[in-house]
Amino acid sequence: IVHTRDAESDCIDMLESSDAKTQADVLYAIGRRGDKEAAKAVIEKISSDDKYIKIAAIRAAGRLKAEEAVEVIVQLVKDNDETIVDTSIQTLGDIGDVSAVDVLTEAVYDADENVSAEAIIALSKINDESSVETFKKAALKNDANSPLAVLALGRTNAPEAKSFLESLAPSYKA
């Protein structure tokens, strides 16, 4: 694939197509190519009423690591559509901006185990020390996501995480 200013401009122009599939395909291509010049157009498409365009735009923002999209994507974590919620949480982790930590922390405690699991993974990608307490609480819940929380703790460099994991070690011995 040749990356030229004209090709980038053509992609942005194609986002105005009346065909939703074309728009979604272009958004995926922008994300794959890492076309940061198109970030503003991608963010605008996050507000689309078409679910597939919205999902493609959210994913493209994640691949572009578009921090300017975080404010919009954070709002979608409360959406009624499970796919939008999961995609938004994953993307916030991919972007890695600490401004998403609060909403992701709240999502760790969601009643839906899938949402909780995605939030733990996203927080571990951000790797902010303020998440250590959240991971510790999630590890102690003794539910399906406890092992994920233990893994997330293991990924942090926080001394308190290490001592907490050592305190858990006896309960994991055969």
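Structural data are supplied above this passage.
None of the values given here were measured: they were computed from a predicted structure.

*Asks:* Got a sec to walk through unusual backbone geometry? Specific residues and values, please.
*Replies:* Non-glycine residue Lys 65 carries a positive phi angle of around 55°. Here Lys 65 falls in the partly exposed class, since its relative accessible area comes to 46%. Its identity is not glycine, yet Asn 127 carries a phi of approximately 55°, on the positive side.

*Asks:* Tell me about the nonpolar core, residues and numbers included.
*Replies:* With 54 residues, the main nonpolar core has Ile 30, Val 42, Ile 46, Ile 73, Ile 89, Leu 92 and Leu 104 as its most contacted residues. If you tally residues by element for this core, the top one is helix H4 (residues 51-63), at seven residues.

*Asks:* Which residues make up the pattern of salt bridges, and what values do they have?
*Replies:* Tallying each qualifying case throughout the model produces eight salt bridges. Across the pair Asp 94 and Lys 125 runs a salt bridge whose closest N-O atoms are separated by 2.7 Å. On the criterion of sequence distance, the pair formed by Asp 94 in helix H6 (residues 82-95) and Lys 125 in helix H8 (residues 113-126) is long-range, its members being 31 residues apart. Looking at Asp 94, the relative accessible area reads 28%, which means it is partly exposed. A salt bridge links Glu 133 to Lys 136, with the shortest nitrogen-to-oxygen separation between them at 3.0 Å. Highlighted residues: Glu 133 and Lys 136, both in helix H9 (residues 132-140), separated by three residues, approximately one helical turn.

Conventions adopted
Residues numbered from 1 in each chain as written. Predicted model: local features only at pLDDT ≥ 70, side-chain atom pairs only at ≥ 80, totals over all residues. Heavy atoms only, no water. Buried < 20%, exposed > 50% of the residue type's maximum accessible area, 1.4 Å probe, protein only. Core = buried A, V, L, I, M, F, W, Y, C linked by side-chain atoms within 4.5 Å. Helix = DSSP H or I, 4+ residues; strand = E, 2+ residues; numbered from the N terminus. Salt bridge = Lys/Arg side-chain N within 4 Å of Asp/Glu carboxyl O.

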